[in-house]
Amino acid sequence: MLIAVVAIVVLLLVFSGIYTDYLWYDSVNFSSVFSTMLLTQVVLFVVGAALMIAIVGGNMVLAHRTRPMFGPGMFGAPQGADRYRVALDPHRRLVFLVGLGVLALFTGSSTAGQWKTWLQFVNRTPFNEKDAQFGLDLSFFVFTIPFLRMLLNFLFTAVVLSIIAAVVVHYLYGGFRISSPGGVHATRAARAHLSVLLGVFVLLKAAAYWLDRYSLVFSDRGKVFGASYTDVHAVLPAKGILAVISLICALIFFAGVIRPGGMFPGVAFGLLVLSAVLIGTVYPSLVEQFQVKPNQQSKEQAYIQRNIDATRKAYGVDTAKVTEYSAKTDTDASVLQTEASAIPGMRLLDPSLLSPTFQQKQQIKGYYQFPEQLDIDRYPVDGKPRDTVVAVREIGRPPDGQRNWINDHLVYTHGFGFVAAPGNKVDSSGLPEFSERDIPPVGDLGDYEPRVYFGENSPDYSIVGGPKSGKKIELDYPQQGQPGADQQNNTGQVNSTYEGKGGVSIGNFFRRLLYAVKYGETNLLLNSNINSESRILYNREPVERIQQVAPFLTLDRDPYPAVVDGRIVWIVDAYTTSDSYPYSERKSLESLTTDVQSSRLGVPQVPRDEINYIRNSVKATVDAYDGTVTLYAWDESDPVLKTWEKAFGGVVKPASQISQALRAHLRYPADLFKAQREILTSYHVTDANAFFGGQDFWKVPEDPATGKSKQPPYYVTMKMPGSETERFSLTTTFVPNQRQNMAAFMAVDATAATPNPPLEILQLPSTTAIQGPPQAQNLFESNTTVSTELNLLRGGGTDVLYGNLLTLPFGNGLLYVEPVYIQPRAETSGKYPTLRRVLVLYGEKVGFGPTLGNALEQVFGGTVATPPEQTPNQPPGQVTPPENSSALTSALDRAQRAYDDSQKALSANPPDWKAYGDAQTSLKKALDDLAKLKGGTPAATASPAATASPAPSGSASPSASGSPPAGATPSPTPSG
């Protein structure tokens, strides 16, 4: 009875899991994916289990039927095996069936897990390119060899298990005996049976040796990945010879069927071992040691070139355009003035720092939240596309003390609204000027569906929907003032009911029961708010949804939202990958794409194993309201994508169906760009001899702001040398190995106008020492004016945060631009960064001003035109003229010394109040001088700010005291 109950429970759990998965796939119109995967796995499970049972079970039955007719005692007195046989024989059938059942379960599961390998093999698409060694189409290596390996592994396992099983059965039933004086005594039937099995094993070994010949294109023996000189001239012929020897040895083993004795099998076994050692190991080692190593560069040259060509092709960097760039440190003033006039329109807001600012200014209510890492997109500002920091306001968890099942799953079901801020606009307090904001939405994007039921931080599952005339219990959004018709009581809370098509209908009891089992939640059965119109939403993260419907794709880990045709949609870049591209260098995708920015995104959603081929073949979207998943074939020439399209027909739509509104928000994917830049650190060298030396290799610099990991690439609108117009680009920098000066700058057109735009590399001459990002950061921090003012800011109870250090080709050189933020040092939930200064570096000249235009004027002189969309919000008198820079530096130095003296006097025990008073007098005089230099009022009448941190309202709030109290730090009045 207990066994029956357990069996029913297990079957119910299995059925609920499978059926609810089907319901989910059906709800997103991808039931064909579910059925294809399920059918393929079931067939592979059954075929794999049946073959294994047939091979192993058949050999066990054969061994039992050929047991000696005179019984186990024919070789003498009963031995230990007889006792085991007597104990086992009454339960022989049960043991046989249970053993084979367990074997079938494990084998079937393992075989079913290889469904991707099988589908790729039966739907393989030619690359129409041949490998350099064998002249075979690349599809043989990418699709066929993995399947043949899988098949050989299966057969090897089956034969080895058959040998073990046959030995056990023959031993138990007297087929052979092991005795100390006489060795092994076997019957003719047992000897013949085992000879055939050993012959089959050796025959499989011959096939494996032959397949190993083609697998040499994946060798890592040489200087680079792929077949080396030793592989081609020693291992390749050795594998062929070993295959022939194995074939001969297999025939010798088969001869044991008709010829008794152990001489022939012994000779075959010895020949196998000896040939494997001498031909397969010793000979290649001698060639490597005495031919290759003394002349490795010349011997490996052709094979290194194969690796270079294949790696560049497989990672899509073979079309990269390398241009020699002089990178001057000075140039004609008129040229600088002309180019500088376009720079102030560039993005300054850093999406990796602004999440707390968005949270404080646009969270509205505590149960909403923004992601830690915001995103960059393009939206028109005054009719011109501008870099824009974007995010959606997602639902978090209910307020503290209000957590219960109803609130978690029926009330707090969705986020509300899209928030956007142009990247080059801040107000007088250093805060973003939001172009789309608030609840209900206000801004430039017009009408759109603002509700976010599917997002990166959506609840595990929610129950939504109901009759239109029924009670509305979902929190839609908060509203100030008197409640309307849809509000409950006088809370100002607007309620709603989901009217979309997303989710699975759970209107009947049977489905509610299945989901109650799935989530282990009885409330799904008992709650009266769940009705005939209710739907359950789950698998709600964009990456998770796309991975479910397209398990053959590898996904970019950073989806980003966009408003397209009146809907908020999540856009995700998807890749086809392989680890079987001949000669191409294998790398861990995880290590290729890891940098400071990716660490903020958390653990990747999908496995990211070693690859040596990648294409951005698919653009995917997820509707934030109804969860609709759409896949578009972006690189329609990719053979790997074509193979999967054959396997899952109709799942991926052609690129021609991408609307213009969506196309305007597509961009070059960050993870692909990161992988390509890592490859190009060495594979920008295309000559095999130079590659062997490695002296020109690069590396990605560490992040200057944090000093950790790698500097991330940046999306920014810029103009490449020789181009007449600006374009939205994805950029990165390179420095030489073991050095920090600039080696190269790389950018790609990120507007996604074409599937594979060429990478553009500006390579700097090795004779010119242009500062790399870490050196530029060091110049900023060591500059006297900059360090003094930043120390004053830090002393005012605030922390200084460096934003993204952007590098731009400019005036035949390189321009660095870095925003500087401040935020309160105190650990409070309300602190957030505000933009206070901008750092600029060109050559050795450093600019540091409240606006980008002001910083550029300090570097280039004259007046830099500021576009209308970037209002400095700074009184003209506060811009420091270049000619007063030495006086300003002196005043700042005196202010810093006075502050240090006052702190030292306060820290004495007891405090030295006289010294403190003298320091305060000196501080006041220095601040008065600063005020005069800035065109302001002396400190006696207009006090400096006691802190540069913003007030809770987000605006700067100067102190009204002339002398700061103990612990306070005066600083220049903050300005945007």
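The structure presented is a predicted model; accordingly, all values stated were derived computationally and were not measured. (Residues numbered from 1 in each chain as written. Predicted model: local features only at pLDDT ≥ 70, side-chain atom pairs only at ≥ 80, totals over all residues. Heavy atoms only, no water.)

### Description of the packing of aromatic side chains
Here's step 1: Taken as a whole, this structure holds 44 aromatic pairs when the rule is applied.
Here's step 2: Between the aromatic rings of Phe 416 and Tyr 477, the centroid separation amounts to 4.9 Å while the plane-to-plane angle is 50°, which identifies the pairing as tilted. Of the two residues, Phe 416 is situated in strand 8 (residues 415–416) and Tyr 477 in strand 14 (residues 474–478); the sequence distance between them amounts to 61 residues.
Here's step 3: The class of Phe 416 is buried, set by a relative accessible area of 2%.
Here's step 4: Between Tyr 842 and Phe 860, the ring centres sit 5.6 Å apart and the planes meet at 65°, which makes this aromatic pair edge-to-face. Residue Tyr 842 is found in strand 33 (residues 834–842), and its partner Phe 860 is found in helix 25 (residues 852–860); the two are separated by 18 residues along the sequence. In this pair, the class of Tyr 842 matches that of Phe 860, namely buried. (Phe/Tyr/Trp six-rings, centres within 6.5 Å; stacked < 30°, edge-to-face > 60°. Helix = DSSP H or I, 4+ residues; strand = E, 2+ residues; numbered from the N terminus. Buried < 20%, exposed > 50% of the residue type's maximum accessible area, 1.4 Å probe, protein only.)

### Describing the sheet that holds strand 17 (residues 535–538)
Here's step 1: Taken in spatial order, the three strands line up as 13-17-16 in an open sheet, and their pairing is antiparallel. Of all the strands in the sheet, just strand 13 (461–464) and strand 16 (504–505) have a single pairing partner and so form its edges.
Here's step 2: In this sheet, strand 17 lies alongside strand 13 in antiparallel orientation, the contact comprising four bridges. Considered in strand 17, the bridge of Val 464 is made with Arg 535. (Pairing = 2+ DSSP bridges.)

### A look at the confidence of the model for the chain
Here's step 1: With 85% of its residues at a pLDDT of at least 70, the chain reaches an overall mean of 85.
Here's step 2: Note that residues 867–883 has pLDDT below 50 and, in this model, 31 contacts with residues that lie over four places away or in other chains.
Here's step 3: Between residues 936–976, whose pLDDT stays under 50, and residues either more than four places distant or in other chains, the model counts 107 contacts. (pLDDT = per-residue confidence, 0-100. Contact = heavy atoms within 4.5 Å.)

### Remarks on a nonpolar patch on the surface
Here's step 1: On the surface, Leu 2, Val 6, Val 10, Val 14, Ile 18, Leu 38, Val 42 and Val 46 cluster together into a nonpolar patch covering about 670 Å² of accessible area.
Here's step 2: Only helix 1 (2–27) and helix 2 (31–65) provide two or more residues apiece to the nonpolar patch.
Here's step 3: Residue contributions to the nonpolar patch peak at five residues, all from helix 1.
Here's step 4: Along the chain, Val 42 turns up in helix 2. (Patch = residues over 30% accessible without salt bridge, like charges linked within 9 Å, V, L, I, M, F, W, Y side chains within 5 Å. Areas by Shrake-Rupley, 256 points an atom, 1.4 Å probe, with all protein chains shown as cover. Salt bridge = Lys/Arg side-chain N within 4 Å of Asp/Glu carboxyl O.)

### Let's talk about the nonpolar core
Here's step 1: Phe 358, Leu 631 and Phe 648 are the most contacted members of the largest nonpolar core, which has 201 residues in total.
Here's step 2: If we ignore the near neighbours within four places in the chain, the residues touching Phe 358 are Gln 363, Phe 370, Leu 374, Val 389, Ala 391, Val 419, Ala 421, Pro 432 and Phe 434.
Here's step 3: Membership of the second largest hydrophobic core comes to ten residues, among which are Ile 395, Val 411, Ile 439 and Tyr 477. (Core = buried A, V, L, I, M, F, W, Y, C linked by side-chain atoms within 4.5 Å.)

### Overview of the pairing of strand 23 (residues 613–623)
Every regular strand shows the same layout, with side chains that alternate between the two sheet faces.
Here's step 1: Of all eleven residues making up strand 23, eleven are buried, and the element is well covered by its neighbours.
Here's step 2: Bridge analysis of strand 23 against strand 24 (residues 629–633) gives five bridges, and the strand direction is antiparallel. Its bridge partner lying in strand 24, Ala 620 is registered against Leu 631.
Here's step 3: Here strand 23 folds back onto strand 24, and the loop between the two strands holds five residues, one of which, Gly 627, carries a positive phi near 75°.

### Examining the environment of Met 150
Here's step 1: With respect to the helices and strands, Met 150 occurs in helix 6 (residues 138–172).
Here's step 2: Along the primary structure Met 150 and Thr 111 are separated by 39 residues, whereas in three dimensions their C-alpha atoms are 8.7 Å apart.
Here's step 3: Excluding residues within four positions of it along the chain, Met 150 makes contact with Gln 114 and Thr 117.

### Some details on the side chain of Arg 512
Here's step 1: For Arg 512, the position within the fold is in helix 14 (residues 509–519).
Here's step 2: Among buried charged residues, Arg 512 stands out as having no salt bridge; its nearest opposite-charge side chain is Glu 521, 11 Å away.
Here's step 3: Only 2.9 Å separates the side chain of Arg 512 from the backbone oxygen of Leu 524, close enough to count as a polar contact.
Here's step 4: In contact with Arg 512, not counting residues within four places along its chain, are Ile 506, Leu 524, Leu 525, Leu 526, Asn 527 and Ile 530. (Lys, Arg positive; Asp, Glu negative; His and termini not counted. Polar contact = N/O pair within 3.5 Å; in protein donor to acceptor, adjacent residues only side chain to side chain.)

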